[in-house]
Structure formats: C-alpha cells, structure tokens
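Geometric and topological summary
Residue strings, one per chain:
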Amino acid sequence: MSPSSSSSPPLKSQPQTPLRRRPKAMKPPKNHHKHHSDQTSIPKLKPNRPITEILWVSLVATCIKFLLIPAYHSTDFEVHRNWLAITHSLPLSQWYSDETSPWTLDYPPFFAHFEHFLSFFASLVDPIMVNLQHGLNYKSQPTILFQRLTVIVSDFVLVFGIYRLTRNLGYKERVLIWVLVIFSPGLMIVDHLHFQYNGFLLGILLISLSALEEGKDFLGGFVFAVLLCFKHLFAVAAPVYFVYLLRHYCRGGLIRGFGRLVIMGTAVVAVFAAAYGPFLYHGQIQQVFHRMFPFGRGLSHAYWAPNFWVFYIILDKVLAFSLVKMGFSVQTPTASFTGGLVGDSSPFAVLPRITPMITFSIVLLAIAPCLIKAWKDPQPRMITRWIAYAYTCGFMFGWHVHEKASLHFVIPLAIISLKSVEDAKHYFYSSIVSCYSLFPLLFEAQEYPIKVLLLLLHATLMWIGFSSHFTTTNRKAAETEQTRYDKTRFIVGWFGKLYLLGLVAVEIYGQFVHPILFAERLPFLFLMMISIYCAFGMMYSWIWQLRQIIKLH
C-alpha cells in the first residue's frame with residue numbers, strides 16, 4: 001500500500017540521516033576537554049595554595065609595619081643597637097663582659113650570633129651604628145630604617161611557623177588564625193613600635209609545635225632546644241616538653257625507648273654545646289649565666305605585669321597601712337603605694353619575702369596538672385594547649401615578669417581558638433586584656449591613636465570571624481536543635497561585657513580624670529589601675545585554662 005510503501009523508505013534510510021551522527025556532533029570540543037582536565041587537576045594544586053594565601057596576608061601586614069617605621073621606639077631600640085656594636089666590635093670572649101653601655105648583652109648565645117650576623121649588614125648601612133664608643137644612643141635615619149627592617153624581615157619566621165601549624169585546616173579556619181596571629185596588636189605594639197624581636201622567636205616556637213602535632217617529635221624537640229638558646233625565658237615550657245617527649249617519643253619498649261632517649265638527649269646536648277661551648281672554652285660561662293639570670297632585679301618589673309604578684313604586693317601594702325593605723329609598729333616599704341617599683345630596695349612590710357626559688361616552685365606546682373596529663377596520655381593534638389598553659393603559669397607566678405611575656409601564651413592560644421566556641425570566647429577576652437596591658441609601653445600622645453585602633457581592629461576582626469565561623473559550623477544543628485545551637489554560638493555574656501566595659505572605664509579615667517586630679521601627687525596610680533584590673537582578667541584566663549587541662553581528654 002502506498003502509505004506503507006511511502007513510510008518504509010525513510011525507515012531504511014534513517015541510519016544514514018544526520019540524526020545518527022548527533023552524538024558525534026554533540027561531542028565537546030578539544031578546548032572543553034582541556035578545561036575539564038584543568039578542573040580535575042585543581043585538587044592537586046591545593047597543597048600549594050596555602051603558601052600563596054599566607055604570603056598575601058603577610059604582605060598586607062608588612063605594609064602596615066612599614067607605616068610604623070617612623071613611630072616611637074623605646075630604649076630597647078638602643079639595647080639592640082648596642083648589641084650589634086658589641087658583637088661586631090669585640091671578640092666573642094668579651095661579648096658578655098663588656099660594660100661600655102648600661103644595656104649589656106643578656107640574651108643566650110644564639111641570639112648574640114643573630115645580632116652578630118645582622119651587624120655585618122649594619123656596618124654597610126652606617127658604620128657608626130656598630131661602633132662601640134661613637135654609636136652610643138645613635139639614631140640616624142639609616143639606623144632606624146635598618147633596625148626596623150630587621151624586625152619586619154625576621155617576622156617571616158613567624159609566618160612560616162603559623163603556616164606549618166594551619167596548612168591542613170580549611171580555608172576559612174586557617175585564614176582566620178593567620179589574621180589573629182600575623183596582625184596581633186600585641187606583636188605590633190611590642191615589636192614594631194616598642195621594638196623587640198618576639199615575632200621571630202615565637203615563630204621558632206610555632207615551628208616546634210607544628211612538628212610535635214605532626215608526630216615529628218625529634219624535630220620538635222630539636223627546634224625547641226634551639227629556641228632556648230635564642231631566649232631562655234621560653235624555658236618555662238621545658239618540663240612539658242620533657243614529659244611529653246619522654247612518654248610519646250621514647251615509647252616502644254625499654255630498649256627502643258632508651259635508644260630514642262639517647263638520640264634526643266644527644267641532639268639537645270649538641271645544640272647547647274654549640275651555643276655555650278665557645279664561652280666555656282674562653283672561661284666566660286659563669287659571666288654568661290650571670291647576665292642571663294639577674295635575680296637581683298626583684299620580684300616585679302617597674303611597671304607591674306598583670307599577674308598574681310600584683311595582688312600579693314597590694315595586699316602587703318594594705319596590711320601595712322591597716323596595722324600602722326591600728327598602732328602596730330610595722331616597717332613601711334621604701335617604695336610608695338604608687339611608686340611602681342618593687343625590688344631589693346623595697347622589701348615587703350608584712351607578708352613573707354618572695355625569692356626566685358619560691359616563684360620557681362610555684363610555677364612548677366601550677367604546671368603539675370599539665371605534666372600529669374602529658375604523662376598519662378601524651379596526645380599531639382593537646383600539645384599546643386599544654387604549652388600555652390605552661391607559659392600562662394610562668395607569666396602568672398614567675399620572677400620579674402615583664403608585661404610583654406603575655407605574648408608567649410596569647411599567640412599559641414590563637415592556634416586553638418577555633419577548637420570550640422569556649423576556646424574562642426576565652427581567646428577573645430585574654431587577647432584584649434593582654435593587648436590593653438601593653439598600652440603603657442606607648443606613652444607618647446602621637447602613638448595613642450595607633451594602639452587604640454590596633455586593639456579595636458583586632459576586637460572587630462575577632463568578633464566577625466568567630467561569629468561567622470561558629471554560626472556557619474552549627475547552622476545545620478540549628479535547624480533541628482535550637483538549644484544546642486544557642487550554646488555553640490559566639491556570644492559575649494553579660495559578665496564578659498561588664499569586664500570589657502571596665503577596661504573602657506579605666507582608660508577614660510586615665511585619659512581625662514587622672515591628669516587633672518592625681519598627675520602630680522600620684523603619677524603611677526593609673527599604671528597601677530591598669531595592672532590590677534588586667535590582673536583579674538589574666539587570673540581568669542589561668543583558671544579557665546587549668547579547668548580545660550583537667551577536663552579535656
């Protein structure tokens with residue numbers, strides 16, 4: 001039939017129509033396959049991306065540091081300039097005995113060698129800078145620029161350390177931690193205004209911690225030994241390192257454990273031999289230790305660090321004042337209530353005198369819970385928390401503690417601030433208190449806006465970062481369990497708000513009330529108020545960390 005006959009030819013010819021070739025015609029072009037292969041290769045490039053990202057973050061921070069070069073610098077600037085001159089002009093055997101300047105060399109040998117290394121470049125920039133006699137109190141523009149740049153360049157050790165610790169975290173987590181550490185207002189104030197090299201030294205500490213968290217115990221212990229030969233004040237964490245490495249690295253039976261103990265001990269001894277051996281050869285080792293441990297400086301620094309001894313000092317003065325009013329014969333301390341000086345010339349009037357051995361014993365006792373934890377269950381994921389707690393104990397109960405030492409535990413606390421919302425809240429408070437306690441280091445009017453803006457920027461970034469991180473993390477839980485969501489949100493409670501408002505009140509008093517009422521009669525009263533009020537915040541931080549050490553497994 002015609003219908004059937006008319007329909008059959010098309011069916012037979014259908015395989016030869018263009019419809020048959022459509023899949024081939026729809027095949028993606030070559031450039032599409034190339035793009036697809038590029039997309040599949042992206043995960044292979046991920047390990048390199050954190051380096052690029054952190055370099056951009058550090059570049060922005062470096063630009064800010066450049067802007068701070070002309071700003072105020074303390075006597076520590078002259079201290080380090082003099083150390084350049086000592087190590088450049090004198091033989092090694094006289095480094096720790098020279099007294100041309102009152103700012104004598106009192107850091108361990110590796111830091112002296114670091115200054116010696118810098119002195120070669122300093123002599124090319126301005127030879128007077130490294131002249132022992134003519135360079136005293138020398139502050140030429142090339143000298144200021146050179147010394148500021150050495151701090152900026154050495155900060156890349158900190159950048160590398162924080163990169164190692166966070167490179168395996170998610171993008172948002174690691175960037176937030178980078179901002180907290182690299183843009184730390186405390187480091188900006190102490191290193192790039194006041195003038196020191198804390199960022200470089202803390203970078204070495206972070207490299208050591210990153211090795212321990214990765215299970216590379218030998219490298220972590222070796223790097224920490226090197227750090228102690230740069231700055232001995234980091235030795236507060238040495239008991240934690242010793243117990244942790246003994247239980248974690250030296251495990252595996254008696255023979256294997258003893259062998260590893262010998263290997264680690266040999267490496268540590270080699271580091272200290274390289275540092276102190278030349279001075280032992282020249283008969284200067286006793287002089288080196290005398291400079292490094294000047295116990296005659298007294299229990300507290302001229303500006304009281306906000307630690308436990310602030311309460312002890314104030315209690316002694318209150319008791320002495322009360323007993324005198326009651327008619328008792330009490331020896332009155334030489335320093336006045338607002339003198340800000342507590343040393344050998346100012347013994348306590350009522351309470352027992354504190355010696356270096358007492359402070360050492362109290363610090364060791366305070367660290368004991370951490371040591372017990374490290375002995376029973378040495379976990380790499382806990383080591384940063386333990387080290388931060390150890391440095392908090394050293395700050396709270398140590399001998400002649402400087403306010404700048406709070407950086408030793410605030411920076412490691414930033415690393416663990418994203419572990420939980422409670423860690424974030426604790427870091428939020430402790431970092432603000434630490435930064436504010438450093439404000440008296442910058443006492444000139446032109447630096448006041450800088451330190452205030454640094455703190456406000458830090459607080460704002462923390463607030464935004466923590467709120468975003470914990471809200472995003474727990475949003476899924478919020479859909480099914482609102483109560484749990486509320487407990488895991490980053491919210492500053494009423495008590496924390498009241499305490500932070502108290503900081504604002506103290507600052508308002510210092511800027512507007514104190515200059516009018518007490519500037520002449522009680523010049524150090526405002527500094528004492530900062531120390532005492534911040535000491536409450538630091539005490540809270542120590543107690544909170546202690547509870548976490550005991551509670552966490």
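Residues numbered from 1 in each chain as written. Predicted model: local features only at pLDDT ≥ 70, side-chain atom pairs only at ≥ 80, totals over all residues. Heavy atoms only, no water.

**Brief notes about the overall build of the protein**
A count of helices and strands for the protein gives 25 helices and zero strands. Sorting the 553 residues of the protein into buried and exposed places 52% on the buried side. Residue pairs in contact within the protein that sit at least 24 positions apart in sequence constitute 76% of those at least 6 positions apart. Approximately 27,400 Å² of the protein is accessible, and the part contributed by carbon and sulfur atoms is 68%. (Helix = DSSP H or I, 4+ residues; strand = E, 2+ residues; numbered from the N terminus. Buried < 20%, exposed > 50% of the residue type's maximum accessible area, 1.4 Å probe, protein only. Contact = heavy atoms within 4.5 Å. Areas by Shrake-Rupley, 256 points an atom, 1.4 Å probe, with all protein chains shown as cover.)

**Considering unusual backbone geometry**
Its identity is not glycine, yet Asn137 carries a phi of approximately 55°, on the positive side. Within the secondary structure, Asn137 sits in the loop between helix H6 (109-125) and helix H7 (141-154). Looking at Asn137, the relative accessible area reads 57%, which means it is exposed. Non-glycine residue Phe195 carries a positive phi angle of around 95°. Mapping Phe195 onto the fold places it in helix H10 (residues 185-195).

**Description of the state of the cysteines**
Applying the stated rule across the entire model yields zero disulfides. Of all cysteine sulfurs, the one in Cys534 lies closest to Cys435, which takes part in no disulfide; the gap is 9.8 Å. (Disulfide = S-S within 2.5 Å.)

**A look at the packing of helix H11 (residues 198-213) against helix H12 (residues 217-228)**
In contact at an axis separation of 7 Å, H11 and H12 are set at 160° when each is read in the N-to-C sense. Viewed along their axes, H11 and H12 adopt a mutual orientation that is roughly antiparallel. Viewed along their axes, H11 and H12 form a crossing whose handedness is left-handed. Every residue of H12 that contacts H11 at Leu201, Ile204, Leu205, Ile207, Ser208, Ala211 and Leu212 is listed here: Asp217, Leu219, Gly220, Gly221, Val223, Phe224 and Leu227. Taken together, the residues that form the contact of H11 with H12 break down as 10 nonpolar, three polar and one charged. (Axes fitted to C-alpha atoms, helices over the stretch in contact; angles between N-to-C directions. Parallel < 35°, antiparallel > 145°, perpendicular 65-115°, else oblique. Left-handed = near helix turned anticlockwise from the far one by under 90°. Nonpolar A, V, L, I, M, F, W, Y, C, P; charged D, E, K, R; others polar.)

**Focus: the pattern of salt bridges**
Overall, the coordinates contain 10 salt bridges when judged by the stated rule. The shortest N-O distance in the salt bridge between Glu53 and Arg174 comes to 3.0 Å. With Glu53 in helix H4 (residues 49-67) and Arg174 in helix H9 (residues 171-182), this residue pair connects regions lying 121 residues apart in the sequence. The residues Glu53 and Arg174 share a single accessibility class, namely buried. The network of salt bridges with common partners includes Arg164, Arg167, Glu214 and Lys216. (Salt bridge = Lys/Arg side-chain N within 4 Å of Asp/Glu carboxyl O.)

**Things to note about H6**
For H6, built from 17 residues, the straight-helix expectation of 24 Å at 1.5 Å per residue is met to within 8% by its first-to-last C-alpha distance of 24 Å. Most pronounced at Ser119, the bend in H6 amounts to some 30°. Among the residues of H6, Pro109, Phe110, Phe111, Ala112, Phe114, Glu115, Leu118, Ser119 and Ala122 are the ones counted as buried. Each element contacted by the buried residues of H6 is listed here: helix H5 (76-89), H7, H11, H12 and helix H14 (254-281). (Expected span 1.5 Å × (residues − 1). Bend = angle between axes of the 7 residues up to and from the residue.)

**Describing a nonpolar patch on the surface**
Where nonpolar side chains cluster on the molecular surface, the patch consists of Trp494, Phe495, Leu498, Leu501, Val504, Ile508, Phe512, Val513, Ile516 and Leu517 and spans about 1,100 Å² of accessible area. Checked against the element boundaries, Val513 lands in helix H24 (residues 494-517). (Patch = residues over 30% accessible without salt bridge, like charges linked within 9 Å, V, L, I, M, F, W, Y side chains within 5 Å.)

**Comments concerning H24**
Along H24, the sharpest kink reaches roughly 45°, centred on Gly510. Among all positions in H24, only Gly496, Tyr499, Leu500, Gly502, Leu503, Val506, Glu507, Tyr509, Gly510 and His514 are buried.

**What to know about the packing of helix H17 (residues 356-376) against helix H25 (residues 525-551)**
Orientation of H17 relative to H25, taken along the N-to-C sense of each, is 25°, at an axis distance of 9 Å. Of the possible angle classes, the one that applies to H17 and H25 is roughly parallel. In this structure, H17 meets H25 at a crossing whose hand is left-handed. Between H17 and H25, the residues in contact are Ala366, Pro369, Cys370 and Lys373 and Trp542, Leu546, Ile549 and Ile550, respectively. Across the contact of H17 with H25, the residue classes tally to seven nonpolar, no polar and one charged.

**Section: the side chain of Glu403**
Mapping Glu403 onto the fold places it in the loop between helix H18 (383-397) and helix H19 (407-415). In this structure Glu403 touches His301, Tyr303, Ala305, Pro306, Phe395, Ser437, Leu438 and Leu441, once residues within four positions along its chain are discounted.

**A look at the confidence of the model for the protein**
Of all residues in the protein, 85% attain a pLDDT of 70 or more, and the chain-wide mean is 87. Counted against residues more than four places away or in other chains, residues 1-48, with its pLDDT under 50, gives four contacts. Of the regions scoring below 50 in pLDDT, residues 477-486 engages in five contacts with residues more than four places distant in sequence or in other chains. (pLDDT = per-residue confidence, 0-100.)

**Here's the deal with the packing of aromatic side chains**
Per the stated rule, a full pass over the model turns up 40 aromatic pairs. Judged by centre distance (6.1 Å) and plane angle (85°), the rings of Trp83 and Phe111 are edge-to-face. Here Phe111 lies in helix H6 and Trp83 lies in helix H5, a separation of 28 residues in the sequence. Note on Phe111: relative accessible area 0%, which makes it buried. Ring centres of Tyr107 and Phe111 lie 4.9 Å apart, and the angle between their planes is 65°; on these two criteria the pair is classed as edge-to-face. What makes Tyr107 buried here is its relative accessible area of 14%. One aromatic cluster is present, formed by Phe77, Trp83, Tyr107, Phe110, Phe111, Phe114, Phe195, Tyr197, Phe200 and Phe230 through successive ring pairs. (Phe/Tyr/Trp six-rings, centres within 6.5 Å; stacked < 30°, edge-to-face > 60°.)

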